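Each chain is listed here by its residues.
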Amino acid sequence: MICLGIESTAHTFGVSVATREKILSNVMDSYKPKKGGIHPREASEHHARVCTDVINESLSKAGLSHKDLDLIAFSNAPGIGHTLGVGAVVARTLSKTLNKPLIPVNHCIAHVEIGRKITGCIDPVTLYVSGANTQIIAYQGGYYRVFAETLDMGAGNFIDSFARYSGIPFPGGPVIEKLAEKGGYVELPYSVKGMDVSFTGILTNLRNKLRTHELKDLCYSMQEHVFAMLVEVSERALAHCQKNELLLAGGVASNKRLREMCKVMCKERGAEFFVPKKEYCVDNGAMIAVLGLLMHDAGVKFKKSDYLISQRQRTDEVMVLWR
Ligand code: AMP
Ligand code: MG
């Protein structure tokens, strides 16, 4: 069974060819705004421009052609409407012309499933931190349930906004991580509300402090505060769910300090820590192909409306029939 997975929820147009046993290719092309954040129309124009080349490169890296495909999977939710639309049209066109089944895939759940496949963890609590999403997800009672999440913006968008105020271009995360290495401690708000986290107040505080403090100190302190918040709620989710594996996913998972803090917490409570390599942490087509195959093998049936894109579908709306 050969599946082509298409990812297009935000800045990245990613295409992967995978079988149940192996990921054969994972090609991506990301939209980079000239200034500011992601402009939805520009991002969708980028995806429309690169989609044919990315698909062809992915097939060629896998050593296969269109006619070898058995299944088309695409991320139909959640994300930016404009960019989701491009992936949906491309996927539907391939499915119709090749006469192969189409599988709509939830992007957040796909991050969890690629993590399980690549790292070998079995039943993790997932700390999923990306640009738009920040959720702590665990499987319980037939669904991937959200045990904690951001009350306002995703951690990545928060980091990118702080970067933008500091004159650092998108994506700001890697540059801030580098600057943080030389920084010292400045007190910032610590914003954990029950199991949830919130970032806008910290962003305002940081923005004000840009006038009076050194950028490297703010970068260091931002990481220490925000990652501690994320690790705190992850630990509580592990305790509450009585699970002993933590999986880190999403673009912010590339951050070494966040990984280190997760590792320390897991070690202290006797849990195991897992993080896939970067290529599978960021938005990618492989995670869509992997979950597409799982859903297909589980015989998941779709209504006509399930194929539509959904900007706001929640992780816990999808019944998990493959576990
Ligand atoms: P995603 O939406 O999952 O593709 O992740 C993109 C987000 O990850 C952006 O907001 C980036 O700023 C952020 N990011 C990437 N690398 C790092 C890093 N090393 N540290 C912190 N954030 C990062
Ligand atoms: Mg993502």
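Residues numbered from 1 in each chain as written. Chains lettered and ligands numbered in written order. Predicted model: local features only at pLDDT ≥ 70, side-chain atom pairs only at ≥ 80, totals over all residues. Heavy atoms only, no water.

## Things to note about the coordination of the magnesium ion (ligand 2)
At 2.2 to 2.7 Å from the magnesium ion (ligand 2) lie its protein donor atoms, namely His107 (NE2), His111 (NE2), Tyr128 (OH) and Asp283 (OD). Classification of histidine 111 as buried rests on a relative accessible area of 1%. Residue classification places tyrosine 128 among the buried positions, given a relative accessible area of 0%. (Donors = N, O, S within 2.8 Å, 3.2 Å for Na, K, Ca; no water. Buried < 20%, exposed > 50% of the residue type's maximum accessible area, 1.4 Å probe, protein only.)

## Section: the sheet that holds strand 1 (residues 3-7)
Within the open sheet, the 5 strands sit side by side as 3-2-1-4-5. Their pairing is mixed. Because the sheet does not close on itself, it has two edges, and the strands there are strand 3 (23-30) and strand 5 (102-106). Taking each pair of neighbouring strands and ignoring which way they run, the sheet shows an average axis angle of 20°. Direction of pairing for strand 1 relative to strand 2 (residues 12-18): antiparallel, over a ladder of 5 bridges. When the sheet's bridge partners are listed, cysteine 3 is paired in strand 2 with alanine 18. Packed on one face of the sheet, helix 1 (residues 40-62) meets strand 1, strand 2 and strand 3 and runs near 160° to strand 3. Its contacts with the sheet put helix 3 (residues 107-119) on strand 1, strand 3, strand 4 (71-77) and strand 5, and the angle it makes with strand 5 is roughly 90°. (Pairing = 2+ DSSP bridges. Helix = DSSP H or I, 4+ residues; strand = E, 2+ residues; numbered from the N terminus. Axes fitted to C-alpha atoms, helices over the stretch in contact; angles between N-to-C directions. Contact = heavy atoms within 4.5 Å.)

## Looking at the sheet that holds strand 7 (residues 134-140)
If you walk across this open sheet you meet the 5 strands as 8-7-6-11-12, and the pairing is mixed. Each having just a single partner strand, strand 8 (143-149) and strand 12 (272-274) make up the two edges of the open sheet. The mean angle between the axes of side-by-side strands here comes to 25°, regardless of whether they run parallel or antiparallel. Alignment of strand 6 (residues 125-129) against strand 11 (residues 245-249), held across 4 bridges, turns out to be parallel. When the sheet's bridge partners are listed, valine 125 is paired in strand 11 with leucine 246. Packing against the sheet, helix 8 (residues 256-269) makes contact with strand 6, strand 11 and strand 12, and its axis sits at approximately 175° to strand 11.

## Let's talk about the pairing of strand 3
The pairing of strand 2 with strand 3 spans 7 bridges and is antiparallel. Its bridge partner being in strand 3, alanine 18 is matched across the sheet by isoleucine 23. Taking the residues between adjacent antiparallel strands as the criterion, strand 2 and strand 3 are bridged by 4 residues.

## Re the packing of aromatic side chains
By convention here, two paired aromatic rings are described through the distance between centres and the angle between planes. If you walk through the whole model with that rule in mind, you get 3 aromatic pairs. Summarising the aromatic geometry, the rings of tyrosine 139 and tyrosine 144 are spaced 5.7 Å apart at their centres and angled 70° between planes, so their arrangement reads as edge-to-face. The same class applies to tyrosine 139 and to tyrosine 144, which are both buried. Here phenylalanine 302 and tyrosine 307 contribute two aromatic rings whose centre-to-centre distance is 5.7 Å and whose plane-to-plane angle is 55°, an arrangement assigned as tilted. Directly above the aromatic system of tyrosine 165 lies the positively charged group of arginine 207, at a separation of 3.7 Å from the ring centroid. (Phe/Tyr/Trp six-rings, centres within 6.5 Å; stacked < 30°, edge-to-face > 60°. Lys NZ or Arg CZ within 6 Å of the ring centre and 35° of its normal.)

## Some remarks on the domain arrangement of the protein
For the protein, the assigned domains are domain 1 (3-111 + 280-317) and domain 2 (122-279). Using only C-alpha atoms to locate each centre, domain 1 and domain 2 end up separated by 26 Å. Taking both sides of the interface into account, the surface hidden between domain 1 and domain 2 amounts to around 1,700 Å²; carbon and sulfur atoms contribute 62%. Taken together, domain 1 and domain 2 are joined by 1 salt bridge. Note that arginine 314 is salt-bridged to glutamate 149, the shortest N-O span being 2.9 Å. Remark: the boundary between domain 1 and domain 2 carries 11 residue pairs in polar contact (both at pLDDT 80 or more). Of all the secondary structure elements, the ones that give two or more residues to the side of domain 1 that touches domain 2 are strand 3, helix 3 and helix 9 (278-281). Its residues assigned to classes, the side of domain 1 that touches domain 2 comprises 9 nonpolar, 8 polar and 3 charged. (Domains from an automatic or database assignment. Buried area = accessible area lost by both parts, 1.4 Å probe. Salt bridge = Lys/Arg side-chain N within 4 Å of Asp/Glu carboxyl O. Polar contact = N/O pair within 3.5 Å; in protein donor to acceptor, adjacent residues only side chain to side chain. Nonpolar A, V, L, I, M, F, W, Y, C, P; charged D, E, K, R; others polar.)

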